[in-house]
There are 2 protein chains.
Amino acid sequence: MKRLLIKSLFALLLFANAAFAADPLPSWNDTTPKKAIVAFVEHVTRQGAPDFVPVAERIAVFDNDGCLWAEQPMYFQAFFIFDRIKQLAPQHPEWKTKEPFASVLKGDIKSALAGGEHALIEMGMATHAGTTTEEFEKIVTDWITTAKHPKTGRLFTKMVFQPMLEVLSYLRANGFKTFIVSGGGIEFMRPWAERVYGIPPEQIIGSSIKTKFEMRDGQPVLVRLPEINFIDDKAGKPVGIQMHIGRRPIAAFGNSDGDLQMLQWTAAGKGARFCLYVHHTDAKREFAYDRKSSIGRLDKGLDEAQAKGWTVVDIKKDWKRVFPNLKNK
Amino acid sequence: MKRLLIKSLFALLLFANAAFAADPLPSWNDTTPKKAIVAFVEHVTRQGAPDFVPVAERIAVFDNDGCLWAEQPMYFQAFFIFDRIKQLAPQHPEWKTKEPFASVLKGDIKSALAGGEHALIEMGMATHAGTTTEEFEKIVTDWITTAKHPKTGRLFTKMVFQPMLEVLSYLRANGFKTFIVSGGGIEFMRPWAERVYGIPPEQIIGSSIKTKFEMRDGQPVLVRLPEINFIDDKAGKPVGIQMHIGRRPIAAFGNSDGDLQMLQWTAAGKGARFCLYVHHTDAKREFAYDRKSSIGRLDKGLDEAQAKGWTVVDIKKDWKRVFPNLKNK
């Protein structure tokens, strides 16, 4: 009798485990996007099916800012840039009177960003170059382990989207190779993306500055130069994908017009394709923005998604949970 | 009795199988290089050993020309360039009188190459740009399936080094990710490297020209432009490694001075490292060349290998077989 009970409990446990395994996307509501993701994965992984895709060709690409983690009130890398400016200020007395640095040092972020993209690039160069690649990795690692979001007080690495983490895991469990294709700095993402997203450095594609090989005291180093190498945004994304991956993805996930060409490039391949836009609609749990936002604008992309039948995630409606539950982490 | 016999035969079979499995490098003589490769792999893969390296960090990089396949009497990609010039000549009547194209069309390769690197780059641009990435992939695929080496009459893809194919497989069987890091064209290698070396497109690093995303009749394409994007040679190799892989390899295989910085960069990391040079010493079975060769010169690298104790393969002495046995293929 006791043995029977144990057997029954064991069977129940197996059943519970199977039931759990049957929902790889527990933070998604059972609405259209979740169904579309699961249907796509089942189509391309079923041996013998017309849309079957061999494992080697199961390439999925993800934007980072606004797709895998939040991007408001500004790209998280901008917080890093501003913190670096404060950190480096003692070595740059001229910054006290030189814009946009002076505004950053006064804490006036709005004025600092008034110069638009040009100002941001200037600050990026000043804070991302001049070190070796190893030094820069340490700088990013130190920053990311302590820096917190001004609104939520969470570590930036806890501002990742739990439903998207589940998609990453689900795809990998089905033989996909997952890549990040971001407008953000490639070396800003690599130091933590493996720990946070399970994506290794060789599967990160991003914007970059040039580096130069040098011998210093008999030791080889790669020095980061204040010169743009590649901008991995908009029409640059398919270029970056070709450069790094060399084959067309079969699935692409983005959230802004900056991802449109990546989705177009993915969608235009032969066979089954999956394109998804995350639409930020939840002002309460996250942020609500789209057609008029200066950060992560989703305008043309939203129209094209509707016209082409791409999957659009309405965060408010489709996600049970937005961020990871901190208590469980 | 019969059962015993079957049992014995079965045991023998298992033993034979184990014995076979115990030699992952059958085309290598039991000389120093083979022992060094096996010792390194055993050191870094033994859980708990001081030199243990986690799977994610087991990155091995390989030069291509002269390391994975032959490179004499000239880089195989140069044969491709010359064949392309002949193919494209009808669309370029001006080539009949314009050097270096005129010499190629006359079959005078020596004169065509007299202009050195500049001439080769000019011919490379004229033959590698102006198509979409998909068109170029087809052009390379068509060429590589039929083009043969002038001396051996073998397909170029049968001019790969059997002992190196075994090293690639052996490393992968031990959790390594294998990459090509070549001065050759990235899009010249990708169409066939997976079939021939088992290395997927996303693990190929090479020289490249720029590409541009465009819409043609509503379809997105990547157009190849006659403009250099990156030269993956000499000091460019560590730069290419950082750009594509984002972490330092623990093993590097090359054969020329063009690989020296890649080996230096690999060797300078912490923990166990393995650097190997293939030294072309076998005029009978392959080609013999080193310090004075214009193709694949190995001069400074040979000195540094000796000074630093890197492994140097003497093809004549260390390889049982050079090329794959065609009868078995």
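It should be emphasised that the depicted structure is a prediction, and the values quoted were computed from it without experimental measurement.

A. Highlighting the overall build of chain A. Across its full length, chain A holds 13 helices and 7 strands. Its C-alpha radius of gyration of 22 Å places chain A within 12% of the 20 Å reference for a compact globule of 329 residues. Along the longest, intermediate and shortest principal axes, the C-alpha atoms of chain A span 80 × 50 × 50 Å. Within chain A, buried positions represent 53% of all 329 residues. Look at the contacts in chain A between residues 6 or more apart in sequence, and 64% of them connect residues 24 or more apart. Split by element, the accessible area of chain A, about 15300 Å² in all, is 57% carbon and sulfur. For chain A, the separation between the mean place of its 45 positive charges and that of its 37 negative charges on side chains is 7 Å.

B. Representation of the interface of chain A and chain B within the structure. Listed as interface residues are 38 residues of chain A and, on the opposing side, 38 residues of chain B. Across the interface of chain A and chain B, roughly 3000 Å² is buried in total on both sides, 55% from carbon and sulfur atoms. The three residues of chain A that bury the most area against chain B are Glu202, Phe213 and Met243 of chain A, which together make up 21% of that side's buried surface. A salt bridge links glutamate 134 of chain A to arginine 248 of chain B, with the shortest nitrogen-to-oxygen separation between them at 3.1 Å. Summed over the shared surface of chain A and chain B, the number is 18 residue pairs in polar contact (both at pLDDT 80 or more). Taken together, the residues of the side of chain A that touches chain B break down into 18 nonpolar, 11 polar and 9 charged.

C. Seen up close, the packing of aromatic side chains. All names here are of chain A. Under the criterion given, the structure shown has 42 aromatic pairs over all chains. Taken together, a centroid distance of 5.2 Å and an interplanar angle of 45 degrees make the contact between phenylalanine 80 and phenylalanine 188 tilted. With phenylalanine 80 in helix 3 (residues 76-88) and phenylalanine 188 in helix 9 (residues 186-197), this pair connects stretches of sequence that are 108 residues apart. The exposure class of phenylalanine 188 is buried, given its relative accessible area of 3%. Grouped by ring-pair contacts, the aromatic residues Trp69, Phe76, Phe79, Phe80, Phe136, Trp143, Phe156, Phe188, Trp192 and Tyr197 constitute a single cluster. Just above the ring of tryptophan 265 sits the side chain of arginine 248; from NZ or CZ to the centre is 3.8 Å.

D. Expanded view of the sheet that holds strand 4 (residues 219-230) of chain A. Residues and elements named next belong to chain A. Sheet architecture is open: 7 strands sit in the order 4-3-2-1-5-6-7, paired in mixed fashion. The open sheet is flanked by strand 4 and strand 7 (311-314), the only strands paired with a single partner. Taking the axes of each pair of neighbouring strands and ignoring which way they run, one obtains an average angle of 30 degrees across the sheet. Taken together, the 4 bridges between strand 5 (residues 251-254) and strand 6 (residues 274-279) define a ladder with parallel strand orientation. Bridging from a neighbouring strand, phenylalanine 253 pairs with leucine 276 of strand 6.

E. Expanded view of helix 3 of chain A. All names here are of chain A. The end-to-end C-alpha distance of helix 3, which contains 13 residues, comes to 19 Å, matching closely the 18 Å that a straight helix rising 1.5 Å per residue would cover. Along helix 3, the residues classified as buried are Phe76, Gln77, Ala78, Phe79, Phe80, Ile81, Phe82, Arg84, Ile85 and Leu88. Where helix 3 is buried, its residues touch helix 4 (101-106), helix 5 (109-112), helix 6 (116-128), helix 7 (133-144), strand 2 (177-185) and helix 9.

F. Representation of the relation of the copies chain A and chain B. Each copy of the sequence occupies a distinct position, and chain A is placed on chain B by a rotation of 180 degrees and an axial shift of 0.0 Å, giving an RMSD of 0.0 Å. Between the two chains, the operation in question is that of a two-fold axis. Rotation axis and chain A: the residue whose C-alpha lies nearest the axis is histidine 244 of chain A, separated from it by 3.2 Å.

G. Region of interest: the sheet that holds strand 5 (residues 251-254) of chain B. Residues and elements named next belong to chain B. The sheet built from 7 strands is open, its strands ordered 4-3-2-1-5-6-7 with mixed pairing. The open sheet has two edge strands with one neighbour each: strand 4 (219-230) and strand 7 (311-314). Mean inter-strand twist for the sheet, computed between neighbouring axes without regard to direction, equals 30 degrees. Summarising the sheet, strand 3 (residues 204-216) and strand 4 pair through 8 bridges and their orientation is antiparallel. Along strand 4, the bridge assignment pairs isoleucine 209 with isoleucine 228. Sheet strands in contact with helix 6 (residues 116-128) are strand 3 and strand 4, and its direction is about 180 degrees off that of strand 4.

H. Structural context of unusual backbone geometry. The peptide bond linking glutamate 99 of chain A to proline 100 of chain A adopts the cis configuration, its omega dihedral lying at 0 degrees. With respect to the helices and strands, the residue proline 100 of chain A is situated in the loop between helix 3 and helix 4. In this structure, proline 73 of chain B follows glutamine 72 of chain B across a cis peptide bond, with omega equal to 0 degrees. Mapped onto the elements, proline 73 of chain B comes out in the loop between strand 1 (59-62) and helix 3 (76-88). Unusually for a residue other than glycine, aspartate 217 of chain B sits at a positive phi of about 50 degrees. Topologically, aspartate 217 of chain B is positioned in the loop between strand 3 and strand 4.

Basis of the calculations
Residues numbered from 1 in each chain as written. Chains lettered and ligands numbered in written order. Predicted model: local features only at pLDDT ≥ 70, side-chain atom pairs only at ≥ 80, totals over all residues. Heavy atoms only, no water. Helix = DSSP H or I, 4+ residues; strand = E, 2+ residues; numbered from the N terminus. Rg over C-alpha atoms; globule rule 2.2 N^0.38 Å. Buried < 20%, exposed > 50% of the residue type's maximum accessible area, 1.4 Å probe, protein only. Contact = heavy atoms within 4.5 Å. Areas by Shrake-Rupley, 256 points an atom, 1.4 Å probe, with all protein chains shown as cover. Lys, Arg positive; Asp, Glu negative; His and termini not counted. Charge placed at Lys NZ, Arg CZ, Asp CG, Glu CD. Buried area = accessible area lost by both parts, 1.4 Å probe. Salt bridge = Lys/Arg side-chain N within 4 Å of Asp/Glu carboxyl O. Polar contact = N/O pair within 3.5 Å; in protein donor to acceptor, adjacent residues only side chain to side chain. Nonpolar A, V, L, I, M, F, W, Y, C, P; charged D, E, K, R; others polar. Phe/Tyr/Trp six-rings, centres within 6.5 Å; stacked < 30°, edge-to-face > 60°. Lys NZ or Arg CZ within 6 Å of the ring centre and 35° of its normal. Pairing = 2+ DSSP bridges. Axes fitted to C-alpha atoms, helices over the stretch in contact; angles between N-to-C directions. Expected span 1.5 Å × (residues − 1). Least-squares fit on C-alpha atoms with pLDDT ≥ 70 in both.

What is shown is where atoms sit, not what they do.
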